[in-house]
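Topology and contacts: notes
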Amino acid sequence: MCRPPLAIAIAVVLLPLAHAMTAAAAPSDACDPTGADATAVTRARADIAASCNCTGAATHGDYTRCARTVLQARVDGRRLSVECARFVQRCASHSICGRPNAVTCCRTSANGRTRCRVKRDASRCTTPPGGASCVGLYQSCCDACTATGCAPPPTPSPTPTPGPTPTSCGGLCPGGIQTVFIILMENHNWADVKNNASAPYINGTLLPAAGHGEQYYNAPGIHPSEPNYLWLEAGTSFGVTDDGLPSVHHQSTTQHLVTLLDNAGISWKSYQEDIIGNACPLTGVGNYAPKHNPMVFFDDVTDAGDPQSPTCIAHNRPYTELATDLQNGSVARYNFITPNQCNDMHTICAPQNDQLKQGDDWLSTAIPMIQSSIPYQNNGVILITWDEGEFGSDGPIGMIVLSPFAKVGYSNSTHYTHSSTLRSMQEIFSVTPLLGDAANATDLSDLFTSFP
């Protein structure tokens, strides 16, 4: 009998019982969540995890209704079969979400038959005569059991130890870079920023603590903003040469970074200043511009341009939510952050009426907030770069790397482009194939003491 400590794993791991058919054997009207349909099922469950708060659901019914809404959108968008939607809905229904103190109870009888049920509390997970039981390690029965018994327990985090660095691992965590925050500023050559009195925080605080590249360029000959943002996501501009809305320049390909992350089960969010959060941000609002948010140009993120796309809304969040997500540990592993057009050095605005100074002030608030968080201190990295050079030039523009792994006070003259950043993201998260020009680029590893 195994009775590990009671814990709730929020991350979803697909270990379904009684669904072990091979892809070749799965009939066309069935769902094969461990074979041909595994990617679609994993992404659907990740969408539910991002959209429906398991621990914060008022009731289990609220959680399952939220899950049903997410699944219906994926079915309507032809991204999930009806049978797979039913499978994922069963995973949500047989979960502890919205059920305080509930546990998943995996029981194996003496004759080897395994079943899972959600129980009101751990005491109700009894062991059958001659059999075995496990309790409470996973949020859903789809994760708690295999066809032959209890699923392997998730690896617990090491116990924190006292020390000056308040990380959950008591210092640097094993396994290399864990969380990435990339911040995009706008339209300035590095020569304009470096040693400029309007940027005291960048020059006086960040550079002495960071590694930075002196020869980092936007994608060669690519202007204006939008195609450079697309390049950071997919290694190509798709031939876009203006700042048109997603309705004009949307892309049907699935070969872009956040979809590779989704397929690998790696969480991501785009934090955009000035968006509201109740709709997919496909058009401008306040000083937010879609041209600075590359994810909303991809049909698989927006459910083909649906303003109420659950996938898009779950992943594209107001910048004001970042502080809370950092505090409660719900921040994603890949975080794309765009200040509004006043704070990203794009536009002259009050109160500073100085593009560099206003952006520098914004960074002086945003960076300490991230650096003080456990996700950053547990092997995180902050990348700060600019979208393109000034007045149509390709740069060089800035690339600043802050991390427990960064080379402090270091700079190099290696030729980098946005393809270098994209390649580095793919190497950090081990997702392939290398996208577009990332396959030809030099990564940013020289700015780190350990990479990836």
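Residues numbered from 1 in each chain as written. Predicted model: local features only at pLDDT ≥ 70, side-chain atom pairs only at ≥ 80, totals over all residues. Heavy atoms only, no water.

1. Considerations on the state of the cysteines
Formally, a disulfide is one covalent bond, and it connects the sulfur atom of one cysteine to the sulfur atom of another. The final tally for this structure, using the stated rule, is 8 disulfides. Bridging Cys52 to Cys66, the disulfide has an S-S length of 2.0 Å. Across the S-S bond linking Cys52 and Cys66, the dihedral sits near -85 degrees, which makes this disulfide left-handed. Remark: Cys66 occurs in helix α2 (residues 60–76) and Cys52 occurs in the loop between α1 (38–51) and α2; sequence separation between them is 14 residues. The disulfide bridge from Cys105 ends at Cys125, spanning 2.1 Å between sulfur atoms. Residues Cys105 and Cys125 are joined by a disulfide whose S-S torsion is about 80 degrees; by sign, that bridge is right-handed. On the criterion of sequence distance, the pair formed by Cys105 in strand β1 (residues 103–108) and Cys125 in the loop between β2 (114–119) and β3 (132–135) is long-range, its members being 20 residues apart. (Disulfide = S-S within 2.5 Å. Helix = DSSP H or I, 4+ residues; strand = E, 2+ residues; numbered from the N terminus.)

2. Details of the packing of helix α6 (residues 200–209) against helix α13 (residues 355–371)
Between α6 and α13, the least distance of the axes is 8 Å, while the angle of their chain directions is 35 degrees. Residues Pro200, Tyr201, Ile202 and Leu206 of α6 form the contact with α13, whose own contacting residues are Lys357, Asp360, Leu363, Ser364, Ile367 and Pro368. Of the residues in the contact of α6 with α13, the class split is 7 nonpolar, 1 polar and 2 charged. (Axes fitted to C-alpha atoms, helices over the stretch in contact; angles between N-to-C directions. Contact = heavy atoms within 4.5 Å. Nonpolar A, V, L, I, M, F, W, Y, C, P; charged D, E, K, R; others polar.)

3. Observations regarding the packing of aromatic side chains
Within this structure, the stated rule accounts for 6 aromatic pairs. For the pair Tyr319 and Trp362, a centre-to-centre distance of 5.1 Å together with 40 degrees between the ring planes defines the contact as tilted. Taken together, the residues Tyr319 in the loop between β9 (316–318) and α12 (322–328) and Trp362 in helix α13 connect sequence positions 43 residues apart. Ring centres of Tyr334 and Phe429 lie 6.2 Å apart, and the angle between their planes is 80 degrees; on these two criteria the pair is classed as edge-to-face. With Tyr334 in strand β10 (residues 334–338) and Phe429 in helix α15 (residues 418–429), this residue pair connects regions lying 95 residues apart in the sequence. (Phe/Tyr/Trp six-rings, centres within 6.5 Å; stacked < 30°, edge-to-face > 60°.)

4. Describing α6
Helical periodicity: at 3.6 residues per turn, an α-helix aligns residues three or four positions apart in one direction. Among the residues of α6, Tyr201, Ile202, Asn203, Leu206 and Leu207 are the ones counted as buried. With its buried residues spanning 165 degrees around the axis, α6 presents them on a single face. Against α5 (190–193), β7 (211–217), α13, β11 (380–386) and β12 (397–402) lie the buried residues of α6. (Buried < 20%, exposed > 50% of the residue type's maximum accessible area, 1.4 Å probe, protein only. Arc of directions from axis to C-beta.)

5. Focus on the side chain of Ser198
Among the structural elements, Ser198 can be located in the loop between α5 and α6. There is a polar contact of 2.8 Å between the side chain of Ser198 and the side chain of Asp354. Among all residues touching Ser198, those that are not within four sequence positions of it are Asp354, Leu356, Lys357 and Asp360. (Polar contact = N/O pair within 3.5 Å; in protein donor to acceptor, adjacent residues only side chain to side chain.)

6. Focus on the pairing of β10
Of all 5 residues in β10, 5 are buried, a share of seventy percent or more. Residue alternation in β10 divides its side chains into two sets, Tyr334, Phe336 and Thr338 and Asn335 and Ile337, and both sets are buried. As paired strands, strand β6 (residues 179–185) and β10 are joined by 4 bridges and run parallel to one another. Within the sheet, the bridge partner assigned to Val180 lies in β10 and is Tyr334. (Pairing = 2+ DSSP bridges.)

7. Side note on the sheet that holds β3
Read from one edge of the open sheet, 3 strands run β2-β1-β3, paired in antiparallel fashion. The sheet is open, and its two borders are formed by β2 and β3, each paired with just one other strand. Each neighbouring strand pair of the sheet contributes to a mean axis angle of 20 degrees, computed without reference to strand direction. As judged from the 4 bridges shared by β1 and β3, these two strands associate in the antiparallel manner.

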